[in-house]
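These are the residues of each chain, in order.
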Amino acid sequence: DKRPFKCILDVGLQTTAAGHRMWGALKGAVDGGLHIPHTNKKFPGFKASEEKGAEAEYDAEAHKEKIFGGSVKDYMEMLAEEDPTKY
């Protein structure tokens, strides 16, 4: 078995806030076969456990929705219904 190409994500001066588009690029690179050490804690759709010792949850569908611009689509549909001139 061949190992995937290992990379290190260097964000430089970029802010690493949760939900940032940089995490979408990281997810795409990992899904594309690159081995990049990471954690899902900063991805959209990650929910930390409320109870101590409980397992955290990661909703991959919420992350996919963010990557494909689902929030923008929803906003544009709402705008088209409420005010077609702004749309």
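Below: a short report on this structure. These numbers were taken from a predicted model, which means no experiment stands behind them.

Conventions we followed
Residues numbered from 1 in each chain as written. Predicted model: local features only at pLDDT ≥ 70, side-chain atom pairs only at ≥ 80, totals over all residues. Heavy atoms only, no water. Helix = DSSP H or I, 4+ residues; strand = E, 2+ residues; numbered from the N terminus. Patch = residues over 30% accessible without salt bridge, like charges linked within 9 Å, V, L, I, M, F, W, Y side chains within 5 Å. Areas by Shrake-Rupley, 256 points an atom, 1.4 Å probe, with all protein chains shown as cover. Salt bridge = Lys/Arg side-chain N within 4 Å of Asp/Glu carboxyl O. Lys, Arg positive; Asp, Glu negative; His and termini not counted. Charge placed at Lys NZ, Arg CZ, Asp CG, Glu CD. Buried < 20%, exposed > 50% of the residue type's maximum accessible area, 1.4 Å probe, protein only. Core = buried A, V, L, I, M, F, W, Y, C linked by side-chain atoms within 4.5 Å. Contact = heavy atoms within 4.5 Å.

Here the focus is the environment of A54. The topology assignment puts A54 in the loop between β1 (46-47) and β2 (57-58). Residues A54 and F68, spaced 14 residues apart in sequence, show a C-alpha to C-alpha distance of 30 Å.

The grouping of E50, E51, E55, E57, D59, E61 and E65 at the surface amounts to a negative patch. Mapped onto the secondary structure, E51 falls in the loop between β1 and β2. On the accessibility criterion, E51 (59% relative accessible area) is exposed.

In this structure, C7, M22, W23, L26, I36 and F43 together form the largest nonpolar core, which totals 6 residues. Once residues within four sequence positions are removed from consideration, C7 is found in contact with L34, H35, I36 and P37.

Our focus in this paragraph is a nonpolar patch on the surface. Nonpolar side chains collect at one region of the surface, where V72, Y75, M76, M78 and Y87 lie side by side and expose about 500 Å² of accessible area between them. The topology assignment puts Y75 in helix α3 (residues 70-82). We classify Y75 as partly exposed; its relative accessible area is 46%.

As a further point, take the side chain of H63. Checked against the element boundaries, H63 lands in helix α2 (residues 60-67). Exposure remark for H63: the relative accessible area of 1% places this residue in the buried category. Once you skip the residues sitting within four places of it in the chain, H63 turns out to touch W23, G24, K27, F43, P44 and Y58.

This paragraph deals with the pattern of salt bridges. A full pass over the atoms with the stated rule returns 3 salt bridges. For D31, the salt bridge goes to K27, with nearest N and O atoms at 3.3 Å. Here the residue D31 and the residue K27 both occupy positions in helix α1 (residues 21-31), the gap between them amounting to 4 residues, near one helical turn. Where K73 meets E77, a salt bridge forms, and the shortest distance between an N and an O atom there is 3.8 Å. You can see K73 and its partner E77 sitting in helix α3, 4 residues apart, about one turn around the helix. For K73, a relative accessible area of 46% gives the class partly exposed. Each member of the salt-bridge network shares a partner with another, and the members are K73, D74 and E77.

What follows is about the environment of F43. Within the fold, F43 resides in the loop between α1 and β1. Sequence separation between F43 and M78 is 35 residues; the distance between their C-alpha atoms is 26 Å. When neighbours within four sequence positions are excluded, F43 is seen to be in contact with W23, L26, K27, H38, Y58 and H63.

These figures capture arrangement, not role.
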